[in-house]
Amino acid sequence: MTQSTLMDLIIARRDDLIALTQDLIRIPTLNPPGRNYREVCDYLAARLAASGFTVELIRAQGALADSDRYPRWNLLARHTGARAGDCVHFNSHHDVVEVGHGWTVDPFGGELRDGRIYGRGACDMKGGLATSIIAAEAFIAAHPDYAGAIEISATADEESGGYGGVAYLAERGYFSPDRVQHVIIPEPLNKDRICLGHRGVWWAEIETHGRIAHGSMPFLGDSAIRHMGAVLEEMERYLYPLLATKHTTMPVVPEGARQSTLNINSIHGGEAEQETGYTGLPAPCVADRCRIILDRRFLIEEDIAEVKSEVTTMLERIRAERPNFTYEIKDLFEVQPTMTDRDAPVVKTVQAAIEKVLSTQAQFVVSPGTYDQKHIDRIGKLHNCIAYGPGILELAHQPDEWIGVDDMIDSAKVMALTLQELLA
Ligand SMILES: [Zn+2]
């Protein structure tokens, strides 16, 4: 089997690739709350069973957000070759984020116009999922006697942490290195880039305390908002400049994320936000509580204990200097950074395939935010894992999201060539 025959088999599947992507977009798998997960898994199960895969539908029973109303369904399909060999696994999430405003096309219409398919999830990441299916089917047609196995999974809840998806499967051994040897996650990273991993995350809530009193006599109370103001001031004066000095050798894109970053997700103090429909004035009170949520992204060079202690040290310093300052800090969520070695087999194989198909050098990148690689790495203990897929990263989660058909074809060629290299 020559390379050009395999490539021809991909090109011949162009209409199939378009129709498959459109069908997937037309099943609105919105998360939250987690709609139509079973429908999308049933659709894929029928498709892949017809292509000779053994399919398994797995509900993440009892996982975060799983309920009878919104069950967290996952699909795992496995195709076994003629001889023993490695298993290459393509993992895509099937959930999509909310639609939001600003669309000029039907977000669940899957409209094809000028070589682009439009819709929520087109690039993130139903286009990537469809691409991996076409690549696998073309490869199997070209090499019916291949060695090893190919797996395709479509998993739930990546957009909300992946606990009802990849984490659940990893905990049950589906990503253990004796079962799976190479993992490719077709997230939209651009067709010539290999994403090696992601930065770490720490989310925390800080609450400052005060004492409620009448707003006309604030001196009788103690404002938790003013105390939080002192925290924010100290962040500007000390913490943000400190983070700006911390740079990484990770090739994070965009470049602004090649340092430690901190976002304050939300702030709230005093009387609760008014419910919709109420048009009156608020009551005058001194705020007795104020809360912020921190979203700290950290680097492979940083230790999470040090990341946390930067904040607690700062808070302790304020407490030592500021009368009546008390606070609480609560951990909400954390993920360790991860980065696959550039010499890992899946990295080198995809790199060579990109260079053959696109006649350009593959670029190595790291994602500023996390994705399901974290669970494969940490729970599955499988480190030979990358994200590689078609689609422009910046279009993800945007109105009028689209994916280019030519880009999908190119990526399908890269994936099929990767399979040929690893399994044929
Ligand atoms: Zn995604």
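Notes on the structure in this doc start here. All figures in this text were calculated on a predicted structure; none of them were measured in a lab. (Residues numbered from 1 in each chain as written. Predicted model: local features only at pLDDT ≥ 70, side-chain atom pairs only at ≥ 80, totals over all residues. Heavy atoms only, no water.)

**Notes on the side chain of Glu234**
Stated formally: Think of it this way: any DSSP run of H or I at least four residues long counts as a helix, any run of E at least two long counts as a strand, and we number them from the N terminus. Per-residue accessibility, obtained with a 1.4 Å probe over protein chains only, is compared with the maximum for each type, and a residue is labelled buried under 20%, exposed over 50%, and partly exposed between these values. Whenever a nitrogen or oxygen atom comes within 3.5 Å of another N or O atom, the pair is scored as a polar contact, on the condition that within protein one atom can donate a hydrogen and the other can accept it, and that pairs from neighbouring residues in sequence are kept only if both atoms are in side chains. Residue contacts are counted whenever heavy atoms from the two residues lie within 4.5 Å of one another.
You can see Glu234 is positioned in helix H6 (residues 224–244). With a relative accessible area of 11%, Glu234 lands in the buried category. Separated by 2.9 Å, the side chains of Glu234 and Arg317 make a polar contact. Those residues in contact with Glu234 that sit more than four places away from it in its chain are Leu239, Met314, Arg317 and Ile318.

**Here we look at the state of the cysteines**
Quick note on the threshold: When two cysteine sulfur atoms lie within 2.5 Å, the pair is treated as a disulfide.
Within the structure shown, the criterion is met by zero disulfides. You can see Cys385 has no disulfide; the closest cysteine sulfur is in Cys195, sitting 9.4 Å from it. Using a relative accessible area of 1% as the deciding quantity, one classes Cys385 as buried.

**Thoughts on the side chain of Ser260**
The topology assignment puts Ser260 in the loop between H6 and strand E10 (261–269). Separated by 2.9 Å, the side chains of Ser260 and Glu302 make a polar contact. Ignoring any residue separated from it by four or fewer positions in sequence, one finds Ser260 in contact with Leu243, Lys246, Arg296, Arg297, Leu299 and Glu302.

**Here's the deal with the coordination of the zinc ion**
Going by this rule: Excluding water, the donors of a metal are its N, O and S neighbours within 2.8 Å, or within 3.2 Å for Na, K and Ca, and that exclusion means sites may look incomplete. A four-donor site is classed as tetrahedral when every donor-metal-donor angle falls between 85 and 135 degrees; four donors are called square planar, and six octahedral, when trans pairs exceed 155 degrees and all remaining angles lie between 65 and 115, with any other arrangement labelled irregular.
Each protein donor to the zinc ion is listed here as His93 (NE2), Asp124 (OD), Glu187 (OE) and Glu187 (OE); together their distances run 1.8 to 2.7 Å. The site at the zinc ion holds four donor atoms, and with the angles between them running 51 to 143°, its shape is irregular. Coordination of the zinc ion draws on donor residues from a single chain, spaced H-x30-D-x62-E in sequence. Of this pair, Asp124 sits in helix H4 (residues 122–142) while Glu187 sits in the loop between strand E7 (182–185) and strand E8 (193–198), placing them 63 residues apart in sequence. With respect to class, Asp124 is no different from Glu187; both count as buried.

**Topic: the sheet that holds strand E11 (residues 289–298)**
What counts is decided by this rule: Two strands form a pair only when DSSP identifies at least two bridges running between them. Angular values range over 0 to 180 degrees, each being the angle between N-to-C directions of two axes fitted as lines to C-alpha atoms, with helices fitted over their stretch in contact.
If you trace the four strands from one edge of the open sheet to the other, you get E10-E11-E9-E12, paired in antiparallel fashion. Strand pairing shows two members of the sheet lacking a second neighbour, E10 and strand E12 (327–335), which therefore form its edges. Neighbour-to-neighbour, the strand axes of this sheet turn through a mean angle of 15°, independent of strand direction. Where E10 lies against E11, eight bridges are found, and the strand directions are antiparallel.

**Describing the environment of Cys41**
Counting through the fold element by element, Cys41 comes out in helix H3 (residues 37–50). A residue is classified by how much of its surface remains accessible, and Cys41, at 0% relative accessible area, is buried. Not counting the four nearest positions on each side in its chain, Cys41 is found in contact with Leu57, Trp73, Asn74, Leu75, His94 and Ala154.

**A short note on the pairing of E7**
Consecutive residues of a regular strand have side chains that alternate between opposite faces of the sheet. Burial along E7 is two-sided: the residues His182 and Ile184 and Val183 and Ile185 are all buried. The pairing of strand E3 (residues 83–93) with E7 spans three bridges and is classified as parallel. Bridge assignment links His89 to a residue of E7, and that residue is Val183. Relative to strand E15 (residues 385–387), E7 runs parallel, the two being bridged by three bridges. Its bridge partner lying in E15, Ile184 is registered against Ile386.

**Thoughts on the nonpolar core**
Operational definition: Note on terminology: a nonpolar core comprises buried Ala, Val, Leu, Ile, Met, Phe, Trp, Tyr and Cys residues joined through side-chain atoms within 4.5 Å.
Counting 75 residues, the largest nonpolar core has Ile150, Val350 and Ile386 as the members making the most contacts within it. Top contributing element to this core by residue count: H4, with 12 residues. Other than its neighbours up to four places away in sequence, Ile150 contacts Phe53, Ala77, Arg78, His79, Val88, Phe90, Ala136, Phe139, Ile140, Leu419 and Leu423. Counting residues in each nonpolar core, the second largest holds 25 residues, with Val166, Phe175, Cys195 and Ile376 among its members.

**Topic: the packing of aromatic side chains**
Rules: Paired rings are identified among Phe, Tyr and Trp, the last through its six-membered ring, by centres lying within 6.5 Å, and are further divided according to the angle between planes into stacked (under 30 degrees), edge-to-face (over 60) and tilted (the rest). Whether a charge sits over a ring depends on NZ of Lys or CZ of Arg being within 6 Å of the ring centre and within 35 degrees of the ring normal.
Counted under the stated rule, the structure contains four aromatic pairs. Taking the centre distance of 6.5 Å and the plane angle of 80° together, the rings of Tyr163 and Phe333 count as edge-to-face. Of the two residues, Tyr163 is situated in the loop between strand E6 (147–155) and helix H5 (166–171) and Phe333 in strand E12; the sequence distance between them amounts to 170 residues. Residue class for Phe333 comes out partly exposed when judged on its relative accessible area of 21%. A centroid spacing of 5.9 Å and a plane angle of 35° characterise the contact between Phe325 and Tyr327, whose relative ring orientation is tilted. On the basis of relative accessibility, which here comes to 2%, the residue Phe325 falls in the buried class. Judged by its relative accessible area of 16%, Tyr327 falls in the buried class. Members of the aromatic cluster, each reached through a chain of ring pairs, are Tyr163, Trp203 and Phe333. Lying across the ring of Trp73, Arg38 places its NZ or CZ 4.4 Å from the centre.

**So, the pattern of salt bridges**
Just so we agree on the cut-off: Every case where a carboxyl oxygen of Asp or Glu lies within 4 Å of a side-chain nitrogen of Lys or Arg is listed as a salt bridge.
In total, this model carries 28 salt bridges according to the counting rule given. In this structure, Asp410 and Lys191 form a salt bridge, with 2.8 Å as the shortest nitrogen-oxygen distance. Linking Asp410 in helix H10 (residues 405–423) with Lys191 in the loop between E7 and E8, this pair joins segments that are 219 residues apart in sequence. Taken together, the salt bridges that share partners define one network made up of Lys246, Arg296, Glu302, Glu306 and Glu310.

**Observations concerning the layout of surface pockets**
Over the atoms rolls a probe the size of a water molecule, and its path tells where empty space is left. Just so we agree on the cut-off: As defined here, a cavity is a set of points on a 1 Å grid over the protein atoms alone where a 1.4 Å probe fits but cannot get out. A pocket is an open set with protein on both sides within 12 Å along at least five of seven lines, and residues line them when an atom is within 4 Å of a point. Grid points are joined across faces, edges and corners, and a volume is the space filled by probe spheres set on the points. Throughout, the ten residues Ala, Val, Leu, Ile, Met, Phe, Trp, Tyr, Cys and Pro are labelled nonpolar, Asp, Glu, Lys and Arg are labelled charged, and all others, Gly among them, are labelled polar.
The computed volume of the largest pocket comes to approximately 690 Å³. Forming the walls of the largest pocket are 23 residues, and the residues nearest its centre are Glu158, Glu159, Gly369, Thr370 and His397. For the lining of the largest pocket, a count of residues per class yields 11 nonpolar, six polar and six charged. Taken as a whole, the second largest pocket spans an internal volume of roughly 150 Å³. As for the second largest pocket, its lining consists of Pro218, Phe219, Gly221, Asp222, Ser223, Arg226, His227, Val286, Arg322 and Pro323. Tallied by class, residues from the lining of the second largest pocket come to four nonpolar, three polar and three charged.

Everything listed is a geometric property; what it means functionally is a separate question.
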